[in-house]
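Reading the structure
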Amino acid sequence: MTELLWTRPEGDTPAAATLLLAHGAGAAMDSGFMNRFAGHAAAAGLAVARFEFAYMAGRRNGGPKKPPPKAELLVSEYQAALQAVLAQTSGPVLIGGKSMGGRVAAILTAGGSLPKRVAGVVCLGYPFHPQGKPEDWRMAPLEGARRPVLIAQGDRDGFGSAADLADKTLPEHVRIDWLEDGNHDLAPRGASPATWDGNLARAATMAAEFARQLSAA
């Protein structure tokens, strides 16, 4: 059974939606990025459920530090986590994740039918291409996604910067919100007027607004 790590809004106000959030390739579900974002998302009105793919859980349990499988091979694990969330909640659900986790969520929506409660996809730092290989585009999951997609992207992300995407056309159901001076973790440089917490809070607020817009549609 998939183990879920929950972060919920405080008080009695119902969450706008539940966001199922998968980690990136190299950091666990309780990494600094994931903890900070989940806190900001809960403050914005989302309930966040995090989980770990088996290769990452194996590292936590003292196993070898194996590289992640190909994203396509993680879809069934994501599907299992989604079923666990659907069983434990009511109301709309967003699926998504950090980097690789968001890519897997997008692949899941492209691969088959989903329950109507799954309203959209939230990608935090989508890996548009491998770092240093801007010619190797990973657009297919976004082009095939059968739900609206929100991408919160640092404008200098090494896996897909604003400059990289300047001449690219994305499908109408995909929206990118650029975060000031953000890297792949959405973090700006020290001299920037932007801050990491500010960028994460903005990404979380955008995700909550996205959920409300989808519910109202």
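This section reports on the structure supplied with the text. (Residues numbered from 1 in each chain as written. Predicted model: local features only at pLDDT ≥ 70, side-chain atom pairs only at ≥ 80, totals over all residues. Heavy atoms only, no water.)

1. Thoughts on the overall build of the chain
Put simply, the test is: Put simply, DSSP H or I for four residues or longer makes a helix, DSSP E for two residues or longer makes a strand, and each gets a number counted from the N terminus. As defined in this context, the radius of gyration uses C-alpha atoms, and a globule is described by 2.2 Å times the residue total to the power 0.38. Only protein chains enter the accessibility calculation, which uses a 1.4 Å probe; a residue whose area is less than 20% of its type maximum is buried, one above 50% is exposed, and one in between is partly exposed. We call two residues in contact whenever any of their non-hydrogen atoms come within 4.5 Å of each other. For every accessible area listed, the method is Shrake-Rupley and the probe measures 1.4 Å; residues are considered covered only by the protein chains on display. In this charge count, Lys and Arg are treated as positive and Asp and Glu as negative; neither His nor the chain ends contribute. Each charge is placed at NZ for Lys, CZ for Arg, CG for Asp and CD for Glu.
Helices and strands together make up the secondary structure of the chain, namely 6 helices and 7 strands. Listed N to C, the secondary structure of the chain is β-β-α-β-α-α-β-α-β-α-β-β-α in terms of helices and strands. Relative to a compact globule of 217 residues, whose C-alpha radius of gyration would be 17 Å, the chain shows 16 Å and is just as compact. Residues classed as buried in the chain amount to 51% of the 217 residues present. Long-range contacts, defined here as pairs at least 24 residues apart, represent 76% of the contacts in the chain between residues at least 6 apart. Just so you have it, the chain exposes about 9800 Å², and 52% of that area is on carbon and sulfur atoms. Computed over 22 positive and 21 negative side-chain charges, the inter-centroid distance for the chain is 5 Å.

2. Digging into the pattern of salt bridges
Just so we agree on the cut-off: A pairing counts as a salt bridge when a side-chain nitrogen of Lys or Arg comes within 4 Å of a carboxyl oxygen of Asp or Glu.
Under the criterion given, the structure shown has 8 salt bridges. Between aspartate 177 and arginine 175 there is a salt bridge, with the nearest N and O atoms lying 2.8 Å from each other. Look at arginine 175 and you get partly exposed, because its relative accessible area is 33%.

3. Considering the nonpolar core
Heads up, the condition is: To define a nonpolar core, start from buried Ala, Val, Leu, Ile, Met, Phe, Trp, Tyr and Cys residues and group those joined through side-chain atoms within 4.5 Å.
Within the largest apolar cluster, 42 residues are counted, with the highest numbers of intra-cluster contacts made by Leu20, Phe53, Tyr78, Leu82, Ile95, Leu142 and Ile151. Of the residues forming this core, the biggest block, 7 residues, is contributed by helix H3 (residues 75–88). Sequence-distant contacts of phenylalanine 53, defined by excluding residues within four places in its chain, comprise Ala22, His23, Leu74, Glu77, Tyr78, Met100 and Val104. Residues Leu150, Leu179, Ala204 and Ala211 belong to the second largest nonpolar core, which totals 27 residues.

4. Things to note about the packing of H3 against helix H4 (residues 100–111)
Operational definition: Comment: axis = line fitted to C-alpha atoms, over the contacting stretch for helices; angle = value between 0 and 180 degrees taken between N-to-C directions. Reported orientations rely on four angle classes, namely roughly parallel under 35 degrees, roughly antiparallel over 145, roughly perpendicular from 65 to 115, and oblique for the rest. Under this grouping Gly is polar, as are all residues other than the nonpolar Ala, Val, Leu, Ile, Met, Phe, Trp, Tyr, Cys and Pro and the charged Asp, Glu, Lys and Arg.
Interaxial distance between H3 and H4 falls to 9 Å at its minimum, and their mutual angle equals 85 degrees. On the basis of the axis angle, H3 is roughly perpendicular to H4. Residues Val75, Tyr78, Gln79 and Leu82 of H3 lie in contact with H4, whose contacting residues are Gly101, Val104, Ala105, Ile107 and Leu108. Its residues assigned to classes, the contact of H3 with H4 shows 7 nonpolar, 2 polar and no charged.

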